[in-house]
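# Observations on the model geometry
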Amino acid sequence: MTNDPNRGVQYTLVVIKPDGLKKSLTGNILTKLAEARLHIVGTKVLRVTRELAEAHYQHLKDKPFFKDLVDYIQGKPYGKEYERVMAIVYEGPGAIQRVRQIAGATNPEEADPVSVRGAYGRITTKGVFENVIHASSDPTDAEREIKLWFQPHELIGEIYPTKKVQQPAQEITAWA
Ligand code: IDP
Ligand code: MG
């Protein structure tokens, strides 16, 4: 391993949060993230379940804003139409740091004004940092988060070790 954050391939999870979709910022955000010169190895639009939201933010479960944060990532304040997010996994040298740099600081008022959070984020009257995107903060978090949000078959390449498991027969929805 090296201490130089720009050496060595990394993976990082980006989530364009519901406020990013509501404000129609998906294109701007992907364009800004393209400056990091990374590869997208997986992406999807999904509704965030309470279970996923709580697991994703488990490190903040004792914070007074936890419930509002879980509602926020689920898009609850914005109505059914915006109860969705876009999740993306990026791959490349120094990916985590490069994406965090473009994302900006957690608090949108303190974030670099040309960062995504600085340019587009706000603090709600309830005190939640609506900061438009999530970005993994270190390799351990990135691996935990990517495994939480994506299944192996949804990503290009076996980015972490996989195993074969038997699935009990189950009904799935197919095109009619
Ligand atoms: P990060 O998203 O920059 O990694 P974390 O500390 O992991 O920051 O917090 C996760 C999310 O929780 C933030 O992106 C933000 O939406 C929200 N959050 C964090 N700290 C606060 C706070 O002090 N007040 C309100 N919301 C916060
Ligand atoms: Mg974090």
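Here goes a summary of the coordinates provided. (Residues numbered from 1 in each chain as written. Chains lettered and ligands numbered in written order. Predicted model: local features only at pLDDT ≥ 70, side-chain atom pairs only at ≥ 80, totals over all residues. Heavy atoms only, no water.)

### Considerations on the nonpolar core
Membership of the largest hydrophobic core comes to 26 residues, with the highest contact counts inside it found for Leu13, Val89, Ile146 and Trp149. Of all the secondary-structure elements, those providing two or more residues to this core are β1 (9-16), β2 (39-46), α3 (50-56), α4 (66-74), β3 (85-93) and α7 (139-149). Tallying contributions element by element places α4 first for this core, with five residues. Apart from residues no more than four positions distant in its own chain, Ile146 is found in contact with Tyr11, Thr12, Leu13, Val89, Leu155, Ile159 and Tyr160. Counting 19 residues, the second-largest nonpolar core is a separate cluster that includes Val14, Ile16, Leu21 and Ala95. (Core = buried A, V, L, I, M, F, W, Y, C linked by side-chain atoms within 4.5 Å. Buried < 20%, exposed > 50% of the residue type's maximum accessible area, 1.4 Å probe, protein only. Helix = DSSP H or I, 4+ residues; strand = E, 2+ residues; numbered from the N terminus. Contact = heavy atoms within 4.5 Å.)

### Some points on the pairing of β3
Across the nine residues of β3, seven count as buried, placing the element largely inside the fold. Two elements, β1 and β3, share eight bridges in a ladder whose sense is antiparallel. Across the sheet, Tyr11 pairs through a bridge with Glu91, a residue of β3. Across seven bridges, the pairing between β2 and β3 is antiparallel. When the sheet's bridge partners are listed, His39 is paired in β3 with Glu91. (Pairing = 2+ DSSP bridges.)

### Regarding the environment of Thr124
Looking at the element boundaries, Thr124 is found in the loop between β4 (122-123) and β5 (129-130). Of the residues examined, Thr124 reaches a relative accessible area of 14% and is grouped as buried. Taking C-alpha positions, Thr124 is 18 Å from Ile16, a pair spaced 108 residues apart along the chain.

### With respect to the site of ligand 1
Lining the immediate surroundings of ligand 1 are 14 residues, of which His59, Arg100, Thr106, Phe129 and Asn131 lie closest. Taking Arg117, its side chain carries an N or O atom lying 2.9 Å from an oxygen atom of ligand 1. Take Phe129: an N or O atom from its main chain is 2.9 Å from an oxygen atom of ligand 1. Protein contact buries 82% of the 520 Å² of open area that ligand 1 shows by itself. Residues of the shell around ligand 1, tallied by class, amount to seven nonpolar, four polar and three charged. (Near = heavy atom within 4 Å. Polar contact = N/O pair within 3.5 Å; in protein donor to acceptor, adjacent residues only side chain to side chain. Areas by Shrake-Rupley, 256 points an atom, 1.4 Å probe, with all protein chains shown as cover. Nonpolar A, V, L, I, M, F, W, Y, C, P; charged D, E, K, R; others polar.)

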